[in-house]
Amino acid sequence: MTDLQITLFGAGGVFIVGVFSYNKWQEYKAKKSVERAFSTDHDDVLMREGDAPVADAQEPVLRQEPRFDAAPAVKAEPSFGAPPAAPVSDAPVHAEPSLGDIPAETVAAPAAEPVQEVSAASEQATSLVDPLIDCLLPLSLEAPVRGDKILPVLQTLRLVGNKPVHFIGLHVNGDWEPITHGGVYTKMQGGVQLASRSTALNELEYSELVTRLRGVADEIGAEPEVPDMMEVMAEARNLHRFVAGHDAQLGVNLHTNGAPWAISTLLFALEKQGFDVRPDGRFVMPDGDGSYLFSLSTNVTLAEETTSRLTLLLDVPCVAPARDGFGAMVACAKALVGRLDATIVDDYNQALSDAALAEIAGQVQEFYQEMDAADIAAGSTRALRLFS
């Protein structure tokens, strides 16, 4: 055997060992990727089995909720039968320093502003990717990335079905925030809304999300952690059950005591009462902050010239209790009674007395308490996302 043959045999052996080692390394990497994708625990968001609160439900399980600031906190999972547990404060107790022991400049220096800035950034991030109503999708970055580089890619994944998808990033300054131009981020978190007013996130939408998310992750150099589909579907159904059970719209009607009203006459009266006319033809009562308290319908098409019935409608979960939307709507109806010579009636044309209206107002307050107990306060960002 010549030296050339021996050399070739040796080189071939080294090549075979190299190929075998590379294949083993690829198998190990794929195994780890699968384990990361299917090992994430994902507790149910809403601890409710049926449409009504269950008094004998098991004690809520404490879990570590994701937080977007420096210190995570343990939070009780909300239950629709009882108010959520109060947060536990871990702040250290320290003695107040004496003014004689420190310089006057130190006493006068403000110290609360940095904490307020961190809190505001955390709140803004949580409103976009909310652990209570979103399926969380952590993304581990291979290296810090700039916002202007990844934003065009993230814009390709904004909706799955009718469920919005949002992304936030951990800025190099330590704050979670929406991805912005000029920002540099070391971690990312995605979130897809589990339910809307119409439907819950379903299997087809979730499968589409996972496929598109992996494509986005590959483009930005990230590794996604994908929760188990069955657990996510259970959470989505529970959340949608709550939304469907609290999708309440209250209306009071005004019926003419005489001849039908001319639409042209109504327009003048409603504008005098403070209503705005939306481009789609709806009449709404503005709340002073760019939104509205309740709406009004003439119950006829735009081609009609008269109507004998008006309906004022309050979207209860979308108006904060402090605004007293129902009280404002009733007060408006009573003012229109005198202006238009009408009677306040229910859907069956039965007159509504003050006692009946007061009883409904009490039911509205109970409704608000149920939403507060579920940590989805009426009129909050959470409620507006779910009931939009």
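Residue numbering note: each chain is counted from 1, following its sequence as written. With the structure being a predicted model, the display of local features is reserved for residues of pLDDT at least 70 and the display and counting of side-chain atom pairs for 80 or more, all residues being used for whole-chain, interface and lining totals. Only hydrogens and water are removed before side-chain values are computed, so all heavy atoms of the structure are retained for them.

Once that is clear, we can look at the confidence of the model for the protein. Residues with a pLDDT of 70 or more make up 74% of the protein, whose mean pLDDT is 81. Residue range residues 37-116 is modelled with pLDDT below 50. Its contacts to residues more than four positions away, or to other chains, number 92 contacts. A residue's pLDDT is the confidence the predictor assigns to it, expressed on a 0 to 100 scale. Residue contacts are counted whenever heavy atoms from the two residues lie within 4.5 Å of one another.

With 16 residues, helix α8 (residues 325-340) should cover 22 Å at 1.5 Å per step; its first-to-last C-alpha distance of 22 Å lies within 8% of that length. Those residues of α8 lying buried are G325, F326, M329, V330, C332, A333, L336 and L340. The buried residues of α8 all sit within an arc of 160 degrees when viewed along its axis, so they share a single face. Comment: elements are numbered from the N terminus, with helices defined as DSSP H or I runs of at least four residues and strands as E runs of at least two. Within two residues after α8, D341 carries a phi angle of roughly 60 degrees, on the positive side. A helix is expected to reach a length of 1.5 Å times the quantity of its residues less one. Partly exposed describes any residue whose relative accessible area lies between the buried limit of under 20% and the exposed limit of over 50%, with all areas from a 1.4 Å probe on protein chains only and scaled to the type maximum. The arc in question is formed by the directions pointing from the helix axis toward the C-beta atoms.

On to the packing of helix α7 (residues 263-273) against α8, then. Where α7 contacts α8, the two axes come as close as 11 Å, and the packing angle between them is 135 degrees. Judged by the angle between their axes, α7 and α8 are oblique. Two packed elements cross with a definite hand, and for α7 against α8 that hand is right-handed. Contacts from L266, A269, L270, K272 and Q273 of α7 reach α8 at C332, A335, L336, R339 and L340. Partitioning the contact of α7 with α8 into residue classes produces seven nonpolar, one polar and two charged. Lines fitted to the C-alpha atoms define the axes, with helices restricted to the stretch that makes contact. Angles between their N-to-C directions range from 0 to 180 degrees. The scheme is simple: roughly parallel for angles under 35 degrees, roughly antiparallel for over 145, roughly perpendicular for 65 to 115, oblique for anything else. Put simply, a crossing is left-handed when the front helix is turned counterclockwise from the back one by less than a right angle, and right-handed when it is turned clockwise. Residue polarity is assigned by list, with Asp, Glu, Lys and Arg as charged and Ala, Val, Leu, Ile, Met, Phe, Trp, Tyr, Cys and Pro as nonpolar; anything else, Gly included, falls into the polar class.

Further remarks concern the nonpolar core. F167, Y206, L254, F275, F294 and L312 are the most contacted members of the largest nonpolar core, which has 77 residues in total. Those residues in contact with L312, other than ones at most four positions away along the chain, are L250, G251, V252, L254, F275, F294, S295, L296, M329, C332 and A333. Take the buried Ala, Val, Leu, Ile, Met, Phe, Trp, Tyr and Cys residues and link them wherever side-chain atoms come within 4.5 Å; each set so joined is a nonpolar core.

Centres within 6.5 Å make a pair out of two Phe, Tyr or Trp rings, where for Trp the six-membered ring is used; the pair is then stacked when the planes are under 30 degrees apart, edge-to-face when over 60, and tilted otherwise. One pass over the structure, following the stated rule, counts two aromatic pairs. On the basis of an interplanar angle of 75 degrees and a centroid distance of 6.0 Å, the ring pair of F275 and F294 is categorised as edge-to-face. Of the two residues, F275 is situated in the loop between α7 and β11 (276-277) and F294 in strand β13 (residues 292-297); the sequence distance between them amounts to 19 residues. You can call F275 buried: its relative accessible area is 3%. Owing to a relative accessible area of 1%, F294 belongs among the buried residues under this scheme. On the numbers, 6.3 Å between centres and 70 degrees between planes, the contact of F367 with Y368 is edge-to-face. Comparing F367 with Y368, the two get one shared label, buried.

Another aspect to go through is unusual backbone geometry. Notably, D324 is not glycine yet its phi reads approximately 50 degrees, a positive angle. Along the chain, D324 turns up in the loop between β15 (309-315) and α8. On the basis of relative accessible area, D324 is assigned to the partly exposed category, the value being 40%. With a phi angle near 65 degrees, D375 is a residue other than glycine that sits in the positive phi range. Of note, D375 is situated in the loop between α9 (354-373) and α10 (381-386).

Attention now goes to the side chain of H246. Topologically, H246 is positioned in the loop between α6 (229-245) and β9 (249-256). Exposure remark for H246: the relative accessible area of 3% places this residue in the buried category. Any pair of nitrogen or oxygen atoms within 3.5 Å is treated as a polar contact; in protein, a donor-acceptor pairing is required on top of that, and neighbouring residues in sequence qualify only through side-chain atoms on both sides. There is a polar contact of 3.0 Å between the side chain of H246 and the backbone oxygen of F242.

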